[in-house]
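Structural description and commentary
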Amino acid sequence: MFCPKCKYEYVEGVKECPDCQVALVEELPPEPELEYVDLVTVLKSENPAVIMIAKSILEGAGIRYFAKGERLQDLFALGRFGSGFNPLLGPVEIRVSRDDKEMAEELLKDLK
Ligand SMILES: [Zn+2]
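Analysis parameters
- Residues numbered from 1 in each chain as written.
- Predicted model: local features only at pLDDT ≥ 70, side-chain atom pairs only at ≥ 80, totals over all residues.
- Heavy atoms only, no water.
- Helix = DSSP H or I, 4+ residues; strand = E, 2+ residues; numbered from the N terminus.
- Buried < 20%, exposed > 50% of the residue type's maximum accessible area, 1.4 Å probe, protein only.
- Areas by Shrake-Rupley, 256 points an atom, 1.4 Å probe, with all protein chains shown as cover.
- Salt bridge = Lys/Arg side-chain N within 4 Å of Asp/Glu carboxyl O.
- Pairing = 2+ DSSP bridges.
- Axes fitted to C-alpha atoms, helices over the stretch in contact; angles between N-to-C directions.
- Contact = heavy atoms within 4.5 Å.
- Donors = N, O, S within 2.8 Å, 3.2 Å for Na, K, Ca; no water.
- Tetrahedral: all angles 85-135°; square planar, octahedral: opposite > 155°, others 65-115°.

**Considering the overall build of the protein chain**
A count of helical and extended segments in the protein chain gives three helices and three strands. Put simply, the protein chain runs from its N terminus to its C terminus through helices and strands in the order β-α-β-α-β-α. Within the protein chain, buried positions represent 29% of all 112 residues. Summing over all exposed atoms, the protein chain offers an accessible surface of approximately 7,900 Å²; the carbon and sulfur share of this is 55%.

Okay, here's the thing in structure tokens:
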């Protein structure tokens, strides 16, 4: 059971979120798809460490992002760290909404 407001998960039997005083739901509604908004690439890198830093910076700033090509990165991430290079994988592009472009570019400028 989940609180639709704070997204906190509760054990079976709890009917209401004590923090938000709203009824819990079986499943959270899916996150709105970021792909539908106007996305622009603000960073492109083949280095998973750079992508990781970029993501934590954007998360810290509350900027929503979409990482293109990241599925493969995740798949190989565990084996990759340390070697730092995997010729099978292409670059990952960090994309943000056009509204967040300037702020994201400013935040990530040191990573380029
Ligand atoms: Zn709640």
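**Points about the pattern of salt bridges**
A complete count under the given rule lists five salt bridges for this structure. The residue Glu 93 makes a salt bridge to Arg 95 at a minimum N-O spacing of 3.4 Å. Under the relative-accessibility criterion, Glu 93 is labelled buried at 13%. Accessibility expressed as a relative area gives 23% for Arg 95, which makes it partly exposed. For Lys 101, the salt bridge goes to Glu 105, with nearest N and O atoms at 3.7 Å. Linking Lys 101 with Glu 105, this pair stays in helix α3 (residues 101-108), spanning four residues, or about one helical turn.

**So, the sheet that holds strand β1 (residues 39-45)**
Strand order across the open sheet formed by three strands is β1-β3-β2, with antiparallel pairing between neighbours. In this open sheet, the two edge strands, each paired with only one partner strand, are β1 and β2 (65-68). Each neighbouring strand pair of the sheet contributes to a mean axis angle of 30°, computed without reference to strand direction. With six bridges connecting them, β1 and strand β3 (residues 92-97) associate as antiparallel partners. Paired with Leu 39 across the strands is Ser 97, a residue of β3. Contacts between helix α1 (residues 48-61) and the sheet are confined to β1, β2 and β3, with β3 contributing the most and set at about 15° to the helix. Contacting β1 and β3, α3 runs over the sheet at an angle of about 10° to β1.

**Looking at the coordination of the zinc ion**
The protein atoms that coordinate the zinc ion are Cys 3 (SG), Cys 6 (SG), Cys 17 (SG) and Cys 20 (SG), at distances spanning 2.2 to 2.3 Å. Classification of the site at the zinc ion rests on its four donor atoms, whose angles at the metal span 101 to 117°, yielding the label tetrahedral. Expressed as a motif, the donor residue spacing for the zinc ion is C-x2-C-x10-C-x2-C. Accessibility expressed as a relative area gives 0% for Cys 3, which makes it buried. A relative accessible area of 35% means that Cys 6 is categorised as partly exposed.

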